[in-house]
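Each chain is listed here by its residues.
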Amino acid sequence: MKTKEDILILAIESSCDETAASVVKNGREVLSNIISSQIELHTLYGGVVPEIASRKHIEKINQVIEEALQEANVTLNEITAIAVTYGPGLVGALLVGVSAAKAISFATGKPLIGVHHIEGHISANFIENKELEPPFTCLVVSGGHTHLVVVKDYGVYEILGYTRDDAAGEAFDKVARAIGLGYPGGPKIDRLSREGSPAAIQFPRAKVDGSDYDFSFSGLKSAVLNYLNSCEMKGIEVNKADVAASFQKAVIDVLVEHSLNAVKEYGLDKFAIAGGVASNSSLRATFETECRKQNIEFYHPSPIFCTDNAAMIGVAGYYEYIKGTRSGYDLNAIPNLRLGER
Ligand code: KG4
Ligand code: ZN
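Below is a summary of the structure that appears in this document. Small disclaimer: the values here were computed from a predicted structure and weren't measured.

On to the overall build of the protein, then. When helices and strands are counted, the protein shows 12 helices and 10 strands. Principal-axis analysis of the C-alpha atoms places the extent of the protein at approximately 65 × 45 × 35 Å. Expressed as a percentage of its 342 residues, the buried residues of the protein come to 55%. Restricting the contact set of the protein to residue pairs at least 6 apart, pairs at least 24 apart contribute 72%. Looking at the protein as shown, the accessible area adds up to about 14,800 Å², and 50% of this sits on carbon and sulfur atoms. Taken together, the 32 basic and 42 acidic charged side chains of the protein have centroids lying 1 Å from each other.

The next thing to look at is the site of ligand 1. Around ligand 1 sit 20 residues, and of these Gly143, Asp173, Asp190, Gly276 and Asn280 come closest. Between ligand 1 and the protein, one listed contact pairs an oxygen atom with a backbone N or O atom of Gly169 at 3.2 Å. Judged by the fraction of its atoms near the pocket grid, ligand 1 is located in the largest pocket. Those elements that provide at least two residues to the shell around ligand 1 are helix H4 (117-123), helix H6 (168-178) and helix H7 (185-193). Among the elements that make up the shell around ligand 1, the one with the highest residue count is H7 (4 residues). Among the residues forming the shell around ligand 1, the class breakdown is 4 nonpolar, 13 polar and 3 charged.

Right, let's talk about empty space enclosed by the protein for a bit. One pass over the full model with this rule turns up 1 cavity of 30 Å³ or more. Together, Glu119, Ser123, Phe126, Val151, Asp153, Tyr154, Gly155, Tyr157, Ala316 and Tyr319 line the largest cavity. Contributions of two or more residues to the lining of the largest cavity are made by H4, strand S7 (146-153) and helix H12 (311-323). Partitioned by chemical class, the residues of the lining of the largest cavity number 6 nonpolar, 2 polar and 2 charged.

Tracing the chain through its elements places Asp17 in the loop between strand S1 (8-13) and strand S2 (18-25). Although buried, Asp17 forms no salt bridge, and the nearest oppositely charged side chain, Arg177, lies 12 Å from it. Apart from the residues lying within four places of it in its own chain, the contact partners of Asp17 are Ser36, Ser37, Gln38, Ile39, His42, Val48, His57 and Tyr183.

Turning our eyes to something else, we now look at the environment of His300. Its location among the elements puts His300 in the loop between strand S10 (297-299) and helix H11 (303-306). A residue is classified by how much of its surface remains accessible, and His300, at 25% relative accessible area, is partly exposed. C-alpha of His300 to C-alpha of Thr325: the two residues are 25 residues apart in sequence and 27 Å apart in space. Leave out the neighbours within four places in its chain, and His300 touches Asn125, Asn129, Ile273, Arg284 and Glu288. Looking at His300, its side chain comes within polar contact range of the side chain of Arg284, at 2.5 Å.

Calculation notes
Residues numbered from 1 in each chain as written. Chains lettered and ligands numbered in written order. Predicted model: local features only at pLDDT ≥ 70, side-chain atom pairs only at ≥ 80, totals over all residues. Heavy atoms only, no water. Helix = DSSP H or I, 4+ residues; strand = E, 2+ residues; numbered from the N terminus. Buried < 20%, exposed > 50% of the residue type's maximum accessible area, 1.4 Å probe, protein only. Contact = heavy atoms within 4.5 Å. Areas by Shrake-Rupley, 256 points an atom, 1.4 Å probe, with all protein chains shown as cover. Lys, Arg positive; Asp, Glu negative; His and termini not counted. Charge placed at Lys NZ, Arg CZ, Asp CG, Glu CD. Near = heavy atom within 4 Å. Polar contact = N/O pair within 3.5 Å; in protein donor to acceptor, adjacent residues only side chain to side chain. 1 Å grid on protein atoms, 1.4 Å probe; cavity = no way out; pocket = protein on both sides within 12 Å on 5 of 7 lines; lining within 4 Å. Sits in = over half its atoms within 2 Å of the grid points. Nonpolar A, V, L, I, M, F, W, Y, C, P; charged D, E, K, R; others polar. Points joined across faces, edges and corners; volume = space filled by probe spheres on them. Salt bridge = Lys/Arg side-chain N within 4 Å of Asp/Glu carboxyl O.

Written out as structure tokens, the structure reads:
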């Protein structure tokens with residue numbers, strides 16, 4: 001059911017290798033969530049090939065938008081505004097979504113709203129947790145980003161820490177490649193870890209000098225590569241499940257320690273996770289247990305809203321819309337857009 005007062009956001013996301021469109025009602029109700037994934041294509045190359053991603057987005061974007069409108073049973077005329085991811089991400093990929101959104105906005109006269117991709121990931125938590133409202137602490141862990149933030153209000157963030165080198169998901173992908181699991185590595189390491197021992201190999205838990213909340217994963221990645229090389233040189237057969245489980249535990253230990261210290265220091269009793277790595281079953285289970293012990297309310301999106309999708313952009317777009325944020329037709333793709341910047 002929709003009424004004239006409903007705010008319907010048509011959202012578009014094309015920052016990496018998913019072409020996605022969605023219709024979101026009043027910020028919290030997802031009427032459609034269409035995702036066309038290019039993962040199979042990029043698997044052939046062991047990672048995302050930017051030029052191929054852009055071309056595939058162009059092929060798919062109109063079809064995905066049409067499907068999103070159809071599934072939501074709304075016409076373009078009934079849409080209130082168009083939200084689109086304009087950064088960060090791959091510039092050529094972002095441009096496809098931004099251009100489509102601008103064209104629809106120009107043709108229909110509906111407002112255009114540029115949305116930050118990470119703001120989208122964080123906002124995915126509002127979809128299934130109807131009672132969740134800022135302020136809360138949030139850990140964003142994706143293929144390109146690792147951020148620990150305080151969500152002070154809708155669209156208002158204080159960044160406590162971020163990664164100095166590799167993102168958490170990137171580390172998962174690189175280690176997966178090193179042990180021959182292929183791309184994307186996160187879900188494969190997650191699965192294989194269940195057959196291994198997290199205590200089998202002592203990998204380092206990196207601390208960043210002078211910062212309690214920053215992360216660094218490149219040393220851990222090198223430690224795994226060194227371990228694999230030394231096994232090879234000594235002719236020792238590698239137990240891949242043990243490597244996966246021990247690596248995963250090293251990442252999770254650091255993510256959990258930093259996050260819960262931040263929750264305590266900032267006196268907030270609500271904590272959320274977001275981004276592709278937030279689907280990790282062991283990460284979720286550890287937060288579930290630790291938060292229960294410490295009386296912290298723990299929130300996470302379902303896996304479908306953790307991975308790149310447009311529904312999360314529709315939610316963030318809604319809160320920007322009601323705050324009065326509008327973008328002009330000069331909206332451009334910004335590959336290294338920082339959280340909190342416009
Ligand atoms: O948020 P996302 O879909 O894209 C970016 O914005 O980067 O995140 C993708 C990342 C990839 O690195 C992928 O390996 C990782 O999320 N990932 C996982 C899991 N599922 C996806 N990492 C660990 N465990 C998982 N179950
Ligand atoms: Zn993402």
